Amino acid sequence: MRIALALWFSTILSVGCTASPPTPDDPTQTAATAGAAVATAAPASTPSESHARVTYEDIIRSPPPGGGKPRSIHFSPDDRSLTFLQPEDGSTRLALVRLDLESNRRQPLATPPGKGVTEGNLSRAEQLRRERTRNRATGIPRYAWSEAGGRLLVPLSSGVYIQDGLDGELRSLVAVDGGPPILDPRFSPDGEAVAFVRDGELYVVPSQGGEPRAVTSGARGTGKTHGLAEYAAQEEMGRSEGFWWSQDSQQLAFAEVDERHVPVFPIVHQGQASTGPDAVEEHRYPFAGQANAHVRLGVVSAGGGRTRWLEPTAPDDMYLARVAWLHDGRVAVQRQNREQTRLDLVFWEPGSGRTQVVLTERRDSWINLHDHFYPLKPDTAAAPGGFVWGSERGDGFMHLYLYRADGTLVRPLTQGPWKVTDVADVDEESGIVYFLSTQESPLERHLYAVGLDGKGLRRITQRPGTHQVVLDHARERFVDTYSSVEHPPSVTVRSLQDNAELVSVAIPEDPHLQRMQLAPPELVQIQSRDGETLHGAVYRPPGNFGPGPWPIVVSVYGGPHVQRVANRWRLTADLRAQHLRNHGYLVFKLDNRGSKHRGLAFESKIRHDLGNLEVQDQVDGVRWLEAAGWGKPGGAGIYGRSYGGYLSAMALARAPQTFRVGVAAAPVTHWDGYDTHYTERYMGTPASNPTGYRDSSVMHHVAAMTGKLLLVHGLIDENVHFRHTARLINALIAHDKDYELLLFPDARHKSRKPADRIYLERRVFEFFERNLE
């Protein structure tokens, strides 16, 4: 979600529009006057001539071009090997591989029985968990090391498998055998046990083998669960787990989730031949302003016994945001109020029941949850038993702070108009924090180090672009997965001291890359009508379509917590954009206000009024393209999915003179129909902000819509229900507005069937061909 971008990048950045763009649909301002600064700038390079080298089959292929890189990379417990998941034969099937770092020899590490995980052998519970993580992998989708004991865990749909060391054999630990699925199996820290959830209860089984033992009770068959995260936590809070091992492996904290009071929302499989029980799904969906699941936190011995509950239990309007164990046996609990303007960090001692609120964060807009809490050992010199904490206090940028064990602030570790995006590791012995940040540019990610004393900040990665890292256990080396718009992903092992390359990890050559000849998009900066700098990406057609102007198609997401424009290969590997470019369309992406990684002030401009400022910024982007002489005036096309589908529909309704063709896939059309945690963060509740909910609804603006609209939705979408599109259709009919409708009976939020996806790409392209000149 970066910069050695050759000549066109440096040139195009100097082209940024400094004159005020016209206001939306204002005939008194022309593209020529709005873009005066652009007209005098040197032109950027034009992609070389090419045409129709990207096919529909290319667009839906997984992994995408250049995407065959290793994933889930780990150093083995002895740091002598890398282990990772490698796509096989250019497919979603993943193999578990070992790379010896001394000999650079790779070999299979573990082979699953049968075909491992397939789309056809997953239970519905597993399918829905994969939807929450957007996981499409098959074969071996996940594995984990026990850092102590050197064991390997491989969860499959058929059961849980264990391997003892790099050279052991994969063996079955617990088999499903036709029973309920085994969910979220995880090692204890000492590697001697595995905990998992089955039929609503939490189980523990020795890693050596034996009979699993239920350590919780009272949930099975009641509608409650022990050890699983509720829907809102999985989908919106970045918390997929519902239990947590203590650091000494003797206890488990777990969430009890009770959704029985949340009304059922049924989803019918209309495309199935069967009309039996499997044809209807019942979801306890927490609609905005309505009841949330009741969640409370308990602790139980790994051997079973009495559960101790965190008292008083959090009220119904509190969220269990994060849980972690401290080194002294206490539990660190992050609790967030329903308005998401307050976050308490609570230390709880299960034995005595004592609790201490060690710090509280407050914001007028909202609090972004994070994973930057790192408890320190009692012998850490800088703050014995203290912790590292992330906060957006002050200027609204996420930074790191050092605290004592009692919650007293020691010092800030980072500061400035940029944000920390990830904490890679903390070397307590040396007193160094390793982290990724946007300090170089909001379009880049680099690895940095800073002392726990707040001194010695240094940048480690140097190549401009996007870096993802994994550190070894000795904190001497790191794996650097790197890409930019010009460079497909590469994986190297490097020195933490001086960034020297030590090992290059070979990535299978992608035979499709040469054929497609993908030209990177041009990264641009524009100024919004009120002077805000916005980042965009321009895909100009090849030279055989002439010098322009070309018909504009905007590819949009535009919602919070997402950044689309960044210096990374994913931008170049967007094959729908490349396909449209190759057919003469000028494709444009713009991260409007509300988007991620620009600081809380930039994000929160959309608060309580979704679908307004985002559309204004997208209009300014189109006017900028027209002023540059690249975009053909007279109306642009726009397409997007989910929040992008919402903005596509809103663009046609709120800026009909700028946008006249739109594809809205799985759109939210009224925010009272989406979930609590996401919606209320930005909108409040329907009761507290009725005007905002009305004005942020697509239906409220349908009367002004004049363009061509294609609606796309999966009928079993359990995230953005088809109900959203149905409600919009009713409004379109009421206002006598034409629309086209494309439904996928067996698709959720995004179809997994190749035939569905190819059909979608063809229909979207043909829709633009018919309606956008």
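Calculation notes
Residues numbered from 1 in each chain as written. Predicted model: local features only at pLDDT ≥ 70, side-chain atom pairs only at ≥ 80, totals over all residues. Heavy atoms only, no water. Helix = DSSP H or I, 4+ residues; strand = E, 2+ residues; numbered from the N terminus. Rg over C-alpha atoms; globule rule 2.2 N^0.38 Å. Buried < 20%, exposed > 50% of the residue type's maximum accessible area, 1.4 Å probe, protein only. 1 Å grid on protein atoms, 1.4 Å probe; cavity = no way out; pocket = protein on both sides within 12 Å on 5 of 7 lines; lining within 4 Å. Points joined across faces, edges and corners; volume = space filled by probe spheres on them. Nonpolar A, V, L, I, M, F, W, Y, C, P; charged D, E, K, R; others polar. Salt bridge = Lys/Arg side-chain N within 4 Å of Asp/Glu carboxyl O. Pairing = 2+ DSSP bridges. Core = buried A, V, L, I, M, F, W, Y, C linked by side-chain atoms within 4.5 Å. Contact = heavy atoms within 4.5 Å. Expected span 1.5 Å × (residues − 1). Axes fitted to C-alpha atoms, helices over the stretch in contact; angles between N-to-C directions. Parallel < 35°, antiparallel > 145°, perpendicular 65-115°, else oblique. Left-handed = near helix turned anticlockwise from the far one by under 90°. pLDDT = per-residue confidence, 0-100.

(A) Spatial organisation of the overall build of the protein chain. Tallying secondary structure elements over the protein chain gives 16 helices and 44 strands in all. Rg of the C-alpha trace for the protein chain: 26 Å, near the compact-globule value of 28 Å for 773 residues, within the 12% margin. In terms of its C-alpha atoms, the protein chain occupies a principal-axis envelope of roughly 75 × 60 × 55 Å. Residue burial in the protein chain is summarised as follows: out of 773 residues, 58% are buried.

(B) Inspection of the layout of surface pockets at higher detail. Of the voids in this model, the second largest pocket is the one considered here, and its volume is about 1,200 Å³. For the lining of the second largest pocket, the secondary structure elements donating two or more residues are helix H5 (124-133), strand S11 (193-198), strand S14 (224-226), helix H6 (231-236) and strand S18 (280-284). Across the lining of the second largest pocket, the residue classes tally to 14 nonpolar, seven polar and 14 charged.

(C) Summary view of empty space enclosed by the protein. There is about 130 Å³ of room inside the largest cavity. Within the residue set of the lining of the largest cavity, elements represented by two or more residues are H6 and strand S21 (318-325). Here the lining of the largest cavity gets three residues from one element, more than from any other, and that element is S21. Partitioned by chemical class, the residues of the lining of the largest cavity number nine nonpolar, one polar and five charged.

(D) Structural view of the pattern of salt bridges. For the coordinates displayed, the defined rule picks out 47 salt bridges. Residues Arg494 and Asp480 are paired through a salt bridge, measuring 3.8 Å at the closest nitrogen-oxygen approach. Here Arg494 is found in strand S35 (residues 490-495), whereas its partner Asp480 is found in strand S34 (residues 477-483), with 14 residues between them in sequence. Across the pair, Asp480 and Arg494 agree in class, each one buried. Arg770 is the salt-bridge partner of Glu740, the closest N and O atoms lying 3.0 Å from each other. Here Arg770 lies in helix H16 (residues 754-771) and Glu740 lies in strand S44 (residues 740-744), a separation of 30 residues in the sequence. If you follow the salt bridges from partner to partner, you end up with Arg124, Arg132, Arg134, Glu235, Glu281, Glu718 and Arg748 in one network.

(E) Up close: the pairing of strand S38 (residues 533-539). The element S38 is extensively covered by neighbouring structure, given that six of its seven residues are classed as buried. As judged from the six bridges shared by strand S37 (residues 522-527) and S38, these two strands associate in the antiparallel manner. Of the residues in S38, the one forming a bridge with Leu523 is Ala537. Taking the residues that link successive antiparallel strands as the turn, the S37-S38 hairpin has five residues, and the phi of Gly531 there is positive, at about 90°. When S38 meets strand S40 (residues 586-591), the two strands line up antiparallel, connected through five bridges.

(F) Quick look at the sheet that holds strand S31 (residues 446-451). Spatially, four strands are ordered S29-S30-S31-S32 in an open sheet, and the strand pairing comes out antiparallel. Sheet topology places strand S29 (420-427) and strand S32 (458-459) at the edges, where each strand pairs with a single neighbour. Two elements, S29 and strand S30 (residues 432-437), share six bridges in a ladder whose sense is antiparallel. Looking at S30, one finds that Asp425 is bridged to Tyr434.

(G) Examining the nonpolar core more closely. Core analysis: the biggest nonpolar cluster contains 61 residues, and Tyr643, Phe659 and Trp671 have the highest contact counts within it. For this core, the element with the highest residue contribution is helix H12 (residues 643-654), accounting for eight residues. Excluding residues within four positions of it along the chain, Tyr643 makes contact with Tyr557, Gly558, Gly559, Pro560, Ile606, Leu610, Gly611, Glu614, Trp671 and Tyr678. Of all hydrophobic cores here, the second largest spans 35 residues; its members include Val565, Leu571, Tyr639 and Phe765.

(H) Broad picture of helix H11 (residues 613-627). The terminal C-alpha atoms of H11 lie 21 Å apart, and with 15 residues this matches the ideal 21 Å at 1.5 Å per residue to within 8%. Among the 15 residues that make up H11, 14 are buried, leaving the element largely enclosed by the rest of the structure. Two residues or fewer past H11, Gly629 is found with a positive phi of approximately 85°.

(I) Quick look at the sheet that holds S35. As summarised here, the arrangement of the four strands in space is S33-S34-S35-S36, forming an open sheet in which the pairing is antiparallel. The two strands at the open ends of the sheet, each matched to only one other strand, are strand S33 (466-471) and strand S36 (501-505). The sheet shows a mean angle of 25° between the axes of neighbouring strands, direction not considered. Examined bridge by bridge, S33 and S34 share six bridges and lie antiparallel to one another. Bridge pairing in S34 links Leu471 to Phe478.

(J) Structural detail: the packing of helix H9 (residues 575-582) against H16. Contact geometry for H9 and H16: axes closest at 12 Å, N-to-C directions at 40°. As far as their axial angle goes, H16 and H9 are oblique. In this structure, H9 crosses over H16, and the sense of that crossing is right-handed. Here Arg576, His579 and Leu580 of H9 lie close against H16, whose contacting residues are Leu760, Glu761, Val764, Phe765 and Phe768. Residues that form the contact of H9 with H16 fall into these classes: five nonpolar, one polar and two charged.

(K) Representation of the confidence of the model for the protein chain in the model. With 93% of its residues at a pLDDT of 70 or more, the protein chain shows a mean pLDDT of 91. Below a pLDDT of 50 lies the segment residues 1-50, which in the model reaches 120 contacts outside its immediate sequence neighbourhood of four places, other chains included.

(L) Main features of unusual backbone geometry. Residues Ser62 and Pro63 are joined by a peptide bond in cis, for which omega reads 5°. Looking at the element boundaries, Pro63 is found in the loop between helix H4 (56-60) and strand S1 (71-75). The peptide bond linking Gly548 to Pro549 adopts the cis configuration, its omega dihedral lying at 5°. Note on placement: Pro549 falls in the loop between S38 and strand S39 (552-555). The phi dihedral of Arg134 is positive, around 55°, even though this residue is not glycine. We note that His597 has phi near 75°; this positive angle belongs to a residue other than glycine.

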